[in-house]
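Examination of the molecular architecture
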Amino acid sequence: MISEFYKMSGGGNDFIVIDNTDNSIPESKASGLAEKLCKRQLSVGADGLILICSSKEDDFKWLFYNSDGSVAEMCGNGARCAARFAYINGIAGRSMTFETLAGKIKAEIIDDNSVKVLMTPPLDANFNYSIEIDNKWLEVSSVNTGVPHVIIKSENIADEPLIETGRKIRFHDKYSPAGTNVNFYEITDDSTVAMRTYERGVEGETLACGTGAVAVAITANACENINFPVKIKTRSGATLTIHKQDNNFFLEGEARIIYQGVLNKEAYDYE
Ligand SMILES: N[C@@H](CCC[C@H](N)C(=O)O)C(=O)O
């Protein structure tokens, strides 16, 4: 099983993307493969693995794995990378639909620097409630934008103990058994927000999170009157734009090809 792959980055969230329309990678092997390939220093290294598979109804179907091999229902930054990959490789045209576990995703290639994705409708929005962490009450909001997110307003995100607090919330009983991603945001002006994310399945901070950016935009709009389109400044420095049209939410931003390669057996066949 030697595969060509693309290493891509969606605003700093990095992925290994493989054309699996010939089904050469069986689903039963994909989680283990993700865990091996995503390991930094020992292999290619990435926040997630995306397998582009064939679909009867849509342009393609994807299988998405976090770096620890867990399956995620949706990934906003990965969706932009998958769309650009499919377009470049003749799997889809500029406008496309693809299947995810969260539902059908529509994507549009705007240009080489920008892909726009129609997100799944937000679910279970709950704003400004308190949870107990280390005998203290913390005010949070939560919304599922394809995957679950907790959102916390901060005066200074750089100073937040993201890993420590993020991990406690990610494994908090309230969000069990699925767990949650955790985002801190800071308002910069009336349409710009800076954010940091602790990602479930990576179990650490990533440089950007697309579904998290949408969750932050929805929360900042509902709780702080931040106007759409909301500009989200990510930890990588890249900006993501969240648009709202009627009741639809769109995520727009870069989907960068870092390099293309061929996987050597040693990239995945190690202990
Ligand atoms: N980085 C992603 C979200 C990927 C899934 C997440 N780690 C989870 O398991 O919930 C994004 O850009 O949305």
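Worth saying up front: this structure is predicted, and the values here are computed from it rather than measured.

A look at the domain arrangement of the chain
Domain annotation of the chain identifies domain 1 (4-109 + 255-267) and domain 2 (123-246). On a C-alpha basis, the centroid separation for the pair domain 1 and domain 2 is 24 Å. No other element matches helix α2 (residues 76-88), which puts three residues into the side of domain 1 that touches domain 2.

A few points about the UniProt feature "active site" (unreviewed entry) in the chain
As annotated by UniProt and renumbered to match this structure, "active site" (unreviewed entry) occupies Cys75 and Cys209. What stands out for the annotated residues spanning 135 residues is how close their C-alpha atoms remain, the widest pair being 7.8 Å apart. Considering the arrangement of structural elements, one finds Cys75 in the loop between β4 (60-66) and α2. Since 30 C-beta atoms lie within 10 Å of it, Cys75 is described here as buried. Leave out the neighbours within four places in its chain, and Cys75 touches Gly48, Phe64, Gly210 and Thr211.

Side note on the nonpolar core
With 77 residues, the main nonpolar core has Val17, Leu49, Ile52 and Ala82 as its most contacted residues. Looking at this core, you find at least three residues from each of domain 1 (4-109 + 255-267) and domain 2 (123-246). Look past the residues within four positions of Val17 in its chain and what remains in contact with it is Phe5, Tyr6, Met8, Ile50, Ile52, Cys81, Ala82 and Phe85.

Notes on the site of the ligand
Taken together, 17 residues surround the ligand, and among them Ala72, Asn77, Val147, Gly210 and Thr211 come closest. Listed by contribution, the elements that provide at least two residues to the shell around the ligand are α2 and α4 (210-224). Top element by residues in the shell around the ligand is α2. It accounts for three residues. Tallied by class, residues from the shell around the ligand come to five nonpolar, 10 polar and two charged. When we break the shell around the ligand down by domain, the ones giving at least three residues each are domain 1 (4-109 + 255-267) and domain 2 (123-246).

Looking at the environment of Thr145
Looking at the element boundaries, Thr145 is found in the loop between β9 (136-144) and β10 (148-153). Residue Thr145 is classed as buried on the basis of its 30 C-beta neighbours within 10 Å. Apart from the residues within four sequence positions on either side, Thr145 is in contact with Met119, Pro122, Thr211, Val214 and Ala215.

Some thoughts on unusual backbone geometry
Backbone torsion omega between Ser176 and Pro177 reads 5 degrees, so that peptide bond is classified as cis. Cis rather than trans, the peptide bond between Phe228 and Pro229 has omega equal to -5 degrees. Looking at the secondary structure, you find Pro229 in the loop between α4 and β14 (230-233). Despite not being glycine, Gln41 shows a phi value in the positive range, around 75 degrees. Residue placement: Gln41 occurs in the loop between α1 (27-37) and β3 (48-53). With phi around 65 degrees, Asn135 is a residue other than glycine that occupies positive phi space. Looking at where Asn135 falls in the secondary structure, it is placed in the loop between β8 (123-133) and β9. Taking the number of C-beta atoms within 10 Å as the measure of exposure, Asn135 has 5 and is therefore exposed.

Criteria and thresholds
- Residues numbered from 1 in each chain as written.
- Predicted model: local features only at pLDDT ≥ 70, side-chain atom pairs only at ≥ 80, totals over all residues.
- Domains from an automatic or database assignment.
- Helix = DSSP H or I, 4+ residues; strand = E, 2+ residues; numbered from the N terminus.
- UniProt positions renumbered as here; feature names shortened; annotations may be inferred.
- Buried ≥ 20, exposed ≤ 12 C-beta atoms within 10 Å, placed from the backbone.
- Contact = placed C-beta atoms within 7 Å.
- Core = buried A, V, L, I, M, F, W, Y, C linked by C-beta atoms within 7 Å.
- Near = placed C-beta within 6 Å.
- Nonpolar A, V, L, I, M, F, W, Y, C, P; charged D, E, K, R; others polar.

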